[in-house]
Amino acid sequence: MSKPTLYIVIPCYNEQAVLPLTAPMFLEKLTALIDAGRIAEDSRILFVNDGSKDDTWNIIKELAARDAHYTGIAQSRNRGHQNAVLAGLMEAREKCDVTISIDCDGQDDIDAMDAMLDAYADGCEIVYGVRSKRDTDTFFKRATAEGYYRLLNRMGVEVVFNHADYRLVSARALKEFANFREVNLFLRGMFPLVGFKSTSVYYERKERLAGESHYPLSKMLLLAFDGITSLSIKPIRLITAFGLIVMALSFIGILWAIIMSIAGRTVSGWTSLTCLICFFGGTTLSAIGVVGEYVGKAYIEAKARPRYIISERTEEQEEK
Ligand code: UDP
Ligand code: MG
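Here we summarise the structure given alongside this text.

### Details of the site of ligand 1
For step 1, the next point in the chain: The local shell around ligand 1 holds 20 residues, among which Glu 15, Asp 50, Asp 105, Ser 213 and His 214 are the closest.
For step 2, the next point in the chain: Here an oxygen atom of ligand 1 sits 3.0 Å away from a polar atom, N or O, in the side chain of Asn 78.
For step 3, the next point in the chain: Asp 105 is positioned with one of its side-chain polar atoms (N or O) 2.6 Å from an oxygen atom of ligand 1.
For step 4, the next point in the chain: For ligand 1, whose free accessible area comes to 530 Å², the fraction covered by protein is 95%.
For step 5, the next point in the chain: Elements supplying a minimum of two residues to the shell around ligand 1: β1 (6-12) and α3 (81-92).
For step 6, the next point in the chain: For the shell around ligand 1, the residue count by class is six nonpolar, six polar and eight charged.

### Some thoughts on the sheet that holds β1
For step 1, the next point in the chain: If you trace the seven strands from one edge of the open sheet to the other, you get β3-β2-β1-β4-β6-β5-β7, paired in mixed fashion. Each edge of the sheet is formed by a strand with only one pairing partner; in this case those strands are β3 (70-74) and β7 (198-203). For this sheet, the mean inter-axis angle between neighbouring strands, taken without regard to orientation, is 25°.
For step 2, the next point in the chain: Two elements, strand β5 (residues 126-131) and strand β6 (residues 163-170), share four bridges in a ladder whose sense is antiparallel. The residue bridging Tyr 128 from the neighbouring strand is Arg 167, located in β6.
For step 3, the next point in the chain: Each of β1, β2 (44-49) and β3 is contacted by helix α2 (residues 56-66), which is oriented at about 145° to β3, the strand it contacts most.
For step 4, the next point in the chain: Along the sheet, helix α7 (residues 187-194) makes contact with β5 and β6, crossing β6 at roughly 35°.

### Remarks on unusual backbone geometry
For step 1, the next point in the chain: Here Asn 14, not a glycine, exhibits a phi torsion of approximately 50°, which is positive.
For step 2, the next point in the chain: Its location among the elements puts Asn 14 in the loop between β1 and α1 (19-35).
For step 3, the next point in the chain: Not every positive phi belongs to a glycine, and Asn 162 is a case in point at roughly 60°.
For step 4, the next point in the chain: Along the chain, Asn 162 falls in the loop between α5 (139-154) and β6.

### Some thoughts on a positive patch on the surface
For step 1, the next point in the chain: The grouping of Lys 53, Arg 77, Arg 79 and Lys 219 at the surface amounts to a positive patch.
For step 2, the next point in the chain: Of note, Arg 79 is situated in the loop between β3 and α3.

### With respect to the environment of Asp 165
For step 1, the next point in the chain: By secondary structure assignment, the location of Asp 165 is in strand β6.
For step 2, the next point in the chain: Asp 165 sits in the buried class, given a relative accessible area of 4%.
For step 3, the next point in the chain: Spatially, the C-alpha atom of Asp 165 lies 15 Å from that of Leu 46, the residues being 119 residues apart in sequence.
For step 4, the next point in the chain: Here Asp 165 is in contact with His 81, Gln 82, Ser 101, Ile 102, Leu 187 and Arg 188, once residues within four sequence places are set aside.
For step 5, the next point in the chain: At 2.9 Å, the side chain of Asp 165 forms a polar contact with the side chain of Gln 82.

The rules behind the values
- By convention here, each chain's residues receive numbers from 1 onward along its written sequence.
- Chain letters and ligand numbers both follow the written order, the letters beginning at A and the numbers at 1.
- Given that the model is predicted, a residue must reach a pLDDT of at least 70 before its local features are reported, and side-chain atom pairs must reach 80 or more before they are shown or counted; all residues, however, enter totals for whole chains, interfaces and linings.
- Note that water and hydrogens are dropped before the side-chain values are worked out from all heavy atoms of the structure.
- Here a residue is considered near a molecule or strand provided that any single heavy atom belonging to it is located within 4 Å of it.
- Polar contact criterion, stated in full: a pair of N or O atoms within 3.5 Å, where within protein one must be able to donate a hydrogen and the other to accept it, and residues adjacent in sequence count only if both atoms are side-chain atoms.
- Areas reported as accessible are Shrake-Rupley estimates using a 1.4 Å probe. Residue values count occlusion only from the protein chains shown.
- In this text, helices come from DSSP runs of H or I with a minimum length of four residues, and strands from runs of E with a minimum of two, each type numbered from the N-terminal end.
- Here the nonpolar group is Ala, Val, Leu, Ile, Met, Phe, Trp, Tyr, Cys and Pro; Asp, Glu, Lys and Arg are the charged ones; every other residue, Gly included, is treated as polar.
- Note on pairing: two strands pair once DSSP finds at least 2 bridges between them.
- Every axis corresponds to a line fitted to the C-alpha atoms, with the helix fit spanning only the stretch in contact, and the corresponding angles, defined between N-to-C directions, vary from 0 to 180 degrees.
- Residue contacts follow a heavy-atom distance rule, with two residues in contact if any of their heavy atoms lie within 4.5 Å.
- Grouping into patches uses exposed residues only, defined as over 30% relative accessible area, and leaves out salt-bridged ones; the cut-off is 9 Å for like charges and 5 Å for nonpolar side chains (Val, Leu, Ile, Met, Phe, Trp, Tyr).
- Salt bridges are defined as contacts in which a side-chain nitrogen from Lys or Arg sits within 4 Å of a carboxyl oxygen from Asp or Glu.
- The convention is simple: Lys and Arg are positive, Asp and Glu are negative, and His and the chain ends are not counted.
- The atom standing in for a charge is NZ when the residue is Lys, CZ when it is Arg, CG when it is Asp and CD when it is Glu.
- Here the term buried applies to any residue with accessible area under 20% of the maximum for its type, exposed to any over 50%, and partly exposed to those in between, with areas from a 1.4 Å probe on protein chains only.

The analysis is restricted to geometry; functional conclusions fall outside its scope.
Written out as structure tokens, the structure is:
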């Protein structure tokens, strides 16, 4: 196999404090990989400016002017981390053989790239960077994050435990990934759906080198909610199930009301009222659940995801 062209895709939002520190580290890594003969000379570091309000874009332009290994694209406005990564991957996919996406704050260990490239040479199309420990996180963040991964798995969403957005994806996997047309992005839950041979590489996550995190609790909750609703319709099923249970209970309630009435222990009108409330409570809930089921189906359909992906053919097909 000839040397692959690697694009390191790095989303940046208001990172003027950290970019001048980490950009040379990325370049050093890239040149080391080139010198070691592991990747092609035309490999690049691709910065995606996600509508920063500070000096980030100017810094990126200066870097690109200084060294040909740096390139950058800018989004028209801030669209969030996930969309920035996607934009970078889509930009890179035609120009390279393999991409690695990583945050620009130096938290993720760049030396894990060697192991990722090893796995790629081994035939893996997707390699997940997985945090081996969560020492640098607060107890709160660690507990919520791990609880969340468990919840996702229970909802039927396949995610790699403790994997964020540090991952290697081949151009081949990206070509198929481009067919996932959804607007609600939760990349770490979507890449497992692409399939192909994949594996995980473990690394220790450090503190941010400079600047501040852009994921306050509110954004984290939004991403978490998107993760569930864009990949699972289980919550709707739960409503349907709950409605059915309430319906069953209301049946018991109706029996009880009738018995009380026969026993003459009630004021007049109470029985009929109680029956109606029980009945409508149960039926309304389950009816909403059923409607929700169809809304959920329509939602999944509206995404128009590919129904199958061919990973191999006995005969080579001509590329268009
Ligand atoms: N980021 C982005 N757009 C945003 C928010 C963040 O491109 O709207 C980038 C940011 O520059 C960084 C990465 O996404 O490279 C992860 O953000 P951050 O380090 O703030 O998150 P944390 O590591 O604290 O979860
Ligand atoms: Mg970070």
